[in-house]
Amino acid sequence: MDEIIRVVRSGPELMPPEWAQDERLSYGARGLLGLIMAHGGEWDIDAEGIAALNPKDSIEEVRGYIAELVREGYLDPDSID
């Protein structure tokens, strides 16, 4: 089973343009970041659940996007159980 990403937000937010244009991130990681930003409230999801939302990306690809977001500081490693 994949690690769970815990997202706690007061509400949905727009992704800042500089985040959407961060060339350190793949387009897949940027898309996942946008999905996370658009989701308000509490949300627990794992790579398998994210891949199920968009079957064009494999679970391995989603895991890679998550790793990119952690590496570049967009996801707090402590938010991943």
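Now for a quick tour of the structure. Here the structure is a predicted model, which is why all the values come from computation and not from measurement. (Residues numbered from 1 in each chain as written. Predicted model: local features only at pLDDT ≥ 70, side-chain atom pairs only at ≥ 80, totals over all residues. Heavy atoms only, no water.)

## Looking at helix H2 (residues 27-38)
Structural remark: α-helix, 3.6 residues per turn; residues separated by three or four positions point the same way. Between its terminal C-alpha atoms H2 stretches 16 Å, which fits the 16 Å expected from twelve residues at 1.5 Å a residue. Residues Ala29, Arg30, Leu32, Leu33, Ile36 and Met37 constitute the buried set of H2. Viewed along the axis of H2, the buried residues span an arc of 160°, placing them on a single side of the element. (Helix = DSSP H or I, 4+ residues; strand = E, 2+ residues; numbered from the N terminus. Expected span 1.5 Å × (residues − 1). Buried < 20%, exposed > 50% of the residue type's maximum accessible area, 1.4 Å probe, protein only. Arc of directions from axis to C-beta.)

## Some remarks on helix H4 (residues 59-71)
The first and last C-alpha atoms of H4 sit 18 Å apart over 13 residues, in line with the 18 Å expected at 1.5 Å per residue. Taken as a whole, H4 has its buried residues at Val62, Tyr65, Ile66, Glu68 and Leu69. When H4 is viewed along its axis, its buried side chains cluster within an angular range of 155° and face the same direction. Among the exposed residues of H4, those oriented more than 90 degrees off its buried face are Glu60 and Arg71. Two residues or fewer after H4 comes glycine 73, characterised by a positive phi angle close to 90°.

## A short note on the packing of aromatic side chains
In the structure shown here, the tally under the stated rule is one aromatic pair. Judged by centre distance (5.1 Å) and plane angle (75°), the ring pair of tryptophan 19 and tyrosine 74 falls under edge-to-face. Here tryptophan 19 is found in helix H1 (residues 17-20), whereas its partner tyrosine 74 is found in the segment after H4, with 55 residues between them in sequence. Of the residues examined, tyrosine 74 reaches a relative accessible area of 17% and is grouped as buried. (Phe/Tyr/Trp six-rings, centres within 6.5 Å; stacked < 30°, edge-to-face > 60°.)

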